[in-house]
Amino acid sequence: MLSAEAVESYREKGYVVALDVLDGAMLSRIRQTVAEICDGARGLSTHNDVYDLEPTHRPDAPRVRRIKVPHQNFPFFRELAGYPPMVEILKQLLGPGVRLHGSKINLKAPGYGSPVEWHQDWAFYPHTNDDLLAVGVMLEDMDLDNGALLVVPGTHKGPTWDHHDADGYFCGAMDPAACPGLDIGRAEPILAKAGSMSFHHVRAVHGSAQNFSTKPRTLLLYEFAAADAYPLNGVGDFAEFQSRMVAGDATIEPRLVPTPIRMPLPPARGQGSIYENQTATRRRYFELRQEPELATR
Ligand SMILES: O=C(O)CCC(=O)C(=O)O
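Residues numbered from 1 in each chain as written. Predicted model: local features only at pLDDT ≥ 70, side-chain atom pairs only at ≥ 80, totals over all residues.

## Points about the overall build of the chain
Assigned secondary structure in the chain consists of seven helices and twelve strands. Scaling as 2.2 N^0.38, a compact globule of 297 residues should have a C-alpha radius of gyration of about 19 Å, and the chain matches this with 18 Å. Projected onto its principal axes, the C-alpha coordinates of the chain cover approximately 55 × 45 × 40 Å. Burial status across the chain gives 40% buried among its 297 residues. In the chain, 83% of the contacts between residues at least 6 apart in sequence involve partners at least 24 apart. (Helix = DSSP H or I, 4+ residues; strand = E, 2+ residues; numbered from the N terminus. Rg over C-alpha atoms; globule rule 2.2 N^0.38 Å. Buried ≥ 20, exposed ≤ 12 C-beta atoms within 10 Å, placed from the backbone. Contact = placed C-beta atoms within 7 Å.)

Quick look at the structure:
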């Protein structure tokens with residue numbers, strides 16, 4: 001559970017960190033499962049429904065950048081979305097009814113793990129109200145060198161910024177220089193030990209740098225919504241939508257709260273993962289460094 005001060009801090013800053021939520025046995029089990037899944041990328045020559053691959057991936061030397069929607073692709077991660085200590089915190093932040101919205105595992109390998117450009121999750125999946133957040137389950141320590149998640153405090157109360165490319169297609173990245181009043185320099189890094197969890201509001205501006213260190217940074221991300229927040233992109237399979245409740249009861253009465261919304265339309269050309277979509281951005285903010293090894297691979 002979070003203290004009352006921690007809940008207040010989430011409301012003010014748009015994020016909060018809970019230390020040591022996973023016990024050691026569960027942390028080892030998740031790491032082992034992720035390693036086994038990554039082994040499955042050997043032999044692949046391009047992205048598929050499970051794997052998003054680093055630009056330097058090779059079939060004989062696999063480099064996985066993201067495991068896509070693990071809760072759909074691997075029953076273990078659907079079950080883990082109901083991990084009781086995490087759900088208790090979700091109820092404090094979102095209310096009694098909580099539905100799983102999405103999931104992903106971002107792997108930033110030592111030396112080359114890709115950056116994620118500045119963005120707001122709200123730009124990807126607007127709902128009828130903004131009681132949504134993403135949980136970052138730290139499977140490794142997050143520190144300044146290995147591409148820690150960076151959040152700009154207070155931005156969850158501000159505008160929803162443009163996430164479209166120069167041709168007007170959604171690209172999932174903002175250009176901070178084109179956002180008047182937004183000071184990326186105020187971003188706060190989330191630094192915590194493996195087993196800790198961060199909770200960031202769906203409208204909070206965030207991103208992360210390339211992993212320049214010698215240590216991996218693996219972050220399992222779950223997105224959750226209040227039960228009465230309905231996706232403006234629509235509900236495809238209603239039974240499946242309702243089956244994602246992790247706390248409380250489903251409802252067919254959405255709560256409407258006016259919030260700044262921009263639809264993620266027209267969709268990104270060649271719609272892929274956030275990494276793929278963000279290649280269309282007008283300006284990259286995070287530095288991309290080539291590993292010396294790349295020249296000889
Ligand atoms: O992995 C990260 O550092 C950021 C992830 C993120 O914000 C995303 O994938 O939407």
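## Quick look at the nonpolar core
Leu133, Val135, Val137, Met197, Phe199 and Phe224 are the most contacted members of the largest nonpolar core, which has 66 residues in total. Discounting residues that sit within four places of it in the chain, Val135 has contacts with Met86, Met197, Phe199, Leu221, Tyr222 and Phe224. (Core = buried A, V, L, I, M, F, W, Y, C linked by C-beta atoms within 7 Å.)

## Focus on the sheet that holds strand β5 (residues 116–119)
The strands making up a sheet are joined through hydrogen bonds of the backbone, oriented either antiparallel or parallel. Strand order across the open sheet formed by four strands is β5-β10-β7-β8, with antiparallel pairing between neighbours. Here the strands that pair on one side only, and so sit at the sheet edges, are β5 and β8 (188–189). As paired strands, β5 and strand β10 (residues 206–208) are joined by two bridges and run antiparallel to one another. By the bridge assignment, Val116 is partnered in β10 with Ser208. (Pairing = 2+ DSSP bridges.)

## Looking at the site of the ligand
Around the ligand, the surrounding shell consists of Lys104, Asn106, Val116, Leu149, His206, Ser208, Leu219, Leu221 and Ile274. Those elements that provide at least two residues to the shell around the ligand are β4 (98–108), β10 and β11 (217–226). For the shell around the ligand, the residue count by class is five nonpolar, three polar and one charged. (Near = placed C-beta within 6 Å. Nonpolar A, V, L, I, M, F, W, Y, C, P; charged D, E, K, R; others polar.)

## Topic: the environment of Gly97
Following the sequence through the fold, Gly97 ends up in the loop between α5 (84–94) and β4. Each C-alpha atom of the pair Gly97 and Ala227 lies 4.8 Å from the other, and the pair is 130 residues apart in sequence. Excluding its chain neighbours within four sequence positions, the residues that come into contact with Gly97 are Ala226, Ala227, Asp228, Ala247, Gly248, Asp249 and Thr251.

## Comments concerning α5
Looking only at α5, the buried set comprises Met86, Ile89, Leu90, Leu93 and Leu94. With its buried residues spanning 115° around the axis, α5 presents them on a single face. At the exit of α5 stands Gly95, carrying a positive phi of roughly 105°. (Arc of directions from axis to C-beta.)

## Focus on the pairing of β4
Counting buried residues along β4, nine of its eleven residues qualify, which places the element largely inside the surrounding structure. Where strand β3 (residues 64–68) and β4 come together, three bridges link them in antiparallel fashion. When the sheet's bridge partners are listed, Ile67 is paired in β4 with Ile105. Here β4 runs beside strand β12 (residues 245–247); their pairing, made up of two bridges, is antiparallel. Among the inter-strand pairings, Arg99 is bridged to a residue of β12, identified as Met245. Pairing geometry for β4 and β11, over ten bridges, is antiparallel. Across the sheet, residue Asn106 finds its bridge partner in β11, namely Leu219.

## A few points about unusual backbone geometry
Between Leu265 and Pro266 the backbone carries a cis peptide bond, its omega angle lying at -10°. Assignment of secondary structure puts Pro266 in the loop between β12 and α7 (274–278). For Val69, which is not glycine, the phi torsion reads 25° and is therefore positive. As for its placement among the helices and strands, Val69 is situated in the loop between β3 and α3 (70–73). Residue class for Val69 comes out partly exposed when judged on the 16 C-beta atoms lying within 10 Å of it.

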